[in-house]
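# Commentary on secondary and tertiary structure
Each chain, written out:
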Amino acid sequence: MSEFWSSVVHGLTPYTPGEQPKIDGLIKLNTNENPYPPSDKAFAAIRAVDQDTLRLYPDPQSTQLCAAIGRYWGVPADHVFVGNGSDEVLAFVFQGLLNKGPGDTGALCFPDITYSFYPAYCRLYNVGFQTIPLGTDFSFDLKNVPPDSGAVIFPNPNAPTGRAIERDEIESFLASHPSQMVVVDEAYVDFGAQSCVPLTLRYKNLLVTQSLSKSRALAGIRVGFAIGDTALIDGLNRIKNSFNSYPIDRLAGAAAAAAIEDHDWFETNRGRVMASRASLVRGLEGLGFEVIPSQANFVFARHPSAEGSRLAEQLREQKILVRHFAKPRIEQHLRITVGSDAQVDALIAALKKILGRL
Ligand SMILES: *Cc1c(COP(=O)(O)O)cnc(C)c1O
């Protein structure tokens with residue numbers, strides 16, 4: 001890389017997304033995408049966009065989308081901030097809210113096993129952090145957050161473990177730590193965990209982020225959002241308006257608002273995914289896998305006598321992609337996205353063959 005780049009750029013360790021190869025007949029269970037197409041109403045909303053309006057910049061405030069999200073969650077529209085994927089929202093959060101500068105007390109904390117974008121943002125924005133070890137069963141206990149920490153962020157359910165914690169636990173932490181900022185990344189909350197959004201009306205130190213990529217099957221349009229007190233949302237708008245005034249384009253904004261309003265699609269889809277998750281877990285356990293209880297659209301599992309990276313390779317040879325992380329404590333594990341029932345069956349059949357159980 002050119003020496004003209006700054007030392008910050010030279011020092012980055014970018015996040016590695018799951019691969020998106022163009023192979024026919026591939027079963028993709030590696031990036032937690034939804035196996036079903038998004039709402040027809042979302043796609044109809046894209047089609048209904050007037051061609052001529054694409055000449056014009058979109059609404060910088062995404063007023064209609066924020067209103068739709070506010071109505072869905074029962075919060076005022078000015079408690080909502082939308083961004084180009086929740087990853088962008090999270091980037092702003094690390095840059096401006098969790099960035100404990102010199103003179104601030106306490107470090108930012110997050111679990112040792114969690115979304116690997118967090119340490120990547122920390123390096124990009126030069127944010128110091130401390131990790132909180134998960135229990136041997138990969139459970140996350142807020143009691144292990146050091147009392148002098150400055151802020152905490154964690155996904156609920158956690159990624160890549162799929163384990164969730166109860167809203168009550170988070171609420172008691174919020175109530176007893178009013179000067180610590182708490183960010184709950186709810187990218188997977190719609191698959192069975194309890195959302196903390198209602199708590200944002202009572203706790204000014206809570207920000208919740210969500211995504212349309214997984215439970216709304218819209219990873220392709222890149223829309224995510226944050227919900228919190230207006231004082232927190234104001235700061236996000238200041239950062240956004242110093243970076244890119246128009247993160248949500250006209251097509252994405254129209255599709256996202258229609259998707260949020262399509263309750264029938266949403267309830268049917270997440271019900272199907274949760275039912276397929278139950279059969280995925282049964283299938284894996286039947287083959288001897290240990291599966292962490294998941295409230296997400298993926299499961300995290302290990303086989304006591306098969307190496308994780310080898311299993312992932314062997315599945316790949318059978319055109320099935322799953323995610324393996326070559327990291328301490330989780331090398332033996334595979335993260336497997338919940339696919340359709342047919343995909344789940346194909347995965348279980350392939351694993352049976354690999355493990356010699358046929
Ligand atoms: C997928 C994911 C996100 C980001 O989703 P976007 O597609 O950027 O909205 C954020 N956090 C976690 C834990 C995720 O797994």
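In what follows, the structure referred to is the one given above.
Here the structure is a predicted model, which is why all the values come from computation and not from measurement.

### With respect to the sheet that holds strand β10 (residues 298-302)
- What the three strands build is an open sheet, ordered β9-β10-β12; its pairing is antiparallel. The open sheet has two edge strands, β9 (290-291) and β12 (333-337), and neither has a second partner.
- Each of β9, β10 and β12 touches helix α9 (residues 263-286); the most contacted strand, β10, lies at about 10° to it.

### Points about the sheet that holds strand β4 (residues 129-132)
- Read across the open sheet, the seven strands follow the order β2-β8-β7-β6-β5-β3-β4; overall the sheet is mixed. On the outer flanks of this sheet lie β2 (80-83) and β4, each paired with one strand and no other. The mean inter-strand angle of the sheet, taken between neighbouring strand axes irrespective of direction, is 20°.
- Sitting on the sheet, helix α5 (residues 117-125) touches β3 (108-111), β4, β5 (151-155) and β6 (181-185), and the angle it makes with β3 is about 155°.
- The strands touched by helix α6 (residues 167-176) are β5, β6 and β7 (206-211); relative to β6, the strand with the most contacts, the crossing angle is about 160°.

### Re empty space enclosed by the protein
- Across all of its chains, the model carries one cavity of 30 Å³ or more by this definition.
- What the largest cavity holds in volume is close to 50 Å³.
- Lining the largest cavity, in full, are Y72, W73, D190, Q210, S211, L212, S215, R216, F225 and I260.

What counts, and where the lines are drawn
Residue numbers restart at each chain and count upward from 1, following the sequence in its written direction. Restriction of local features to residues with pLDDT of at least 70 applies here, the model being predicted, together with a cutoff of 80 or more for giving and counting side-chain atom pairs; totals for whole chains, interfaces and linings are based on all residues. Excluding hydrogens and water, the side-chain values take into account all heavy atoms of the structure. A pair of strands is labelled paired if DSSP reports no fewer than 2 bridges between them. Strands here mean DSSP runs of E at least two residues long; helices mean DSSP runs of H or I at least four residues long; both are numbered from the N terminus. We call two residues in contact whenever any of their non-hydrogen atoms come within 4.5 Å of each other. Every axis corresponds to a line fitted to the C-alpha atoms, with the helix fit spanning only the stretch in contact, and the corresponding angles, defined between N-to-C directions, vary from 0 to 180 degrees. Cavities and pockets were defined on a 1 Å grid built from protein atoms only: a cavity is a group of points that admits a 1.4 Å probe but offers it no way out, a pocket is an open group of points flanked by protein on both sides within 12 Å along at least five of seven lines, and a lining residue is one with an atom within 4 Å of any such point. Grid points are joined across faces, edges and corners, and a volume is the space filled by probe spheres set on the points.

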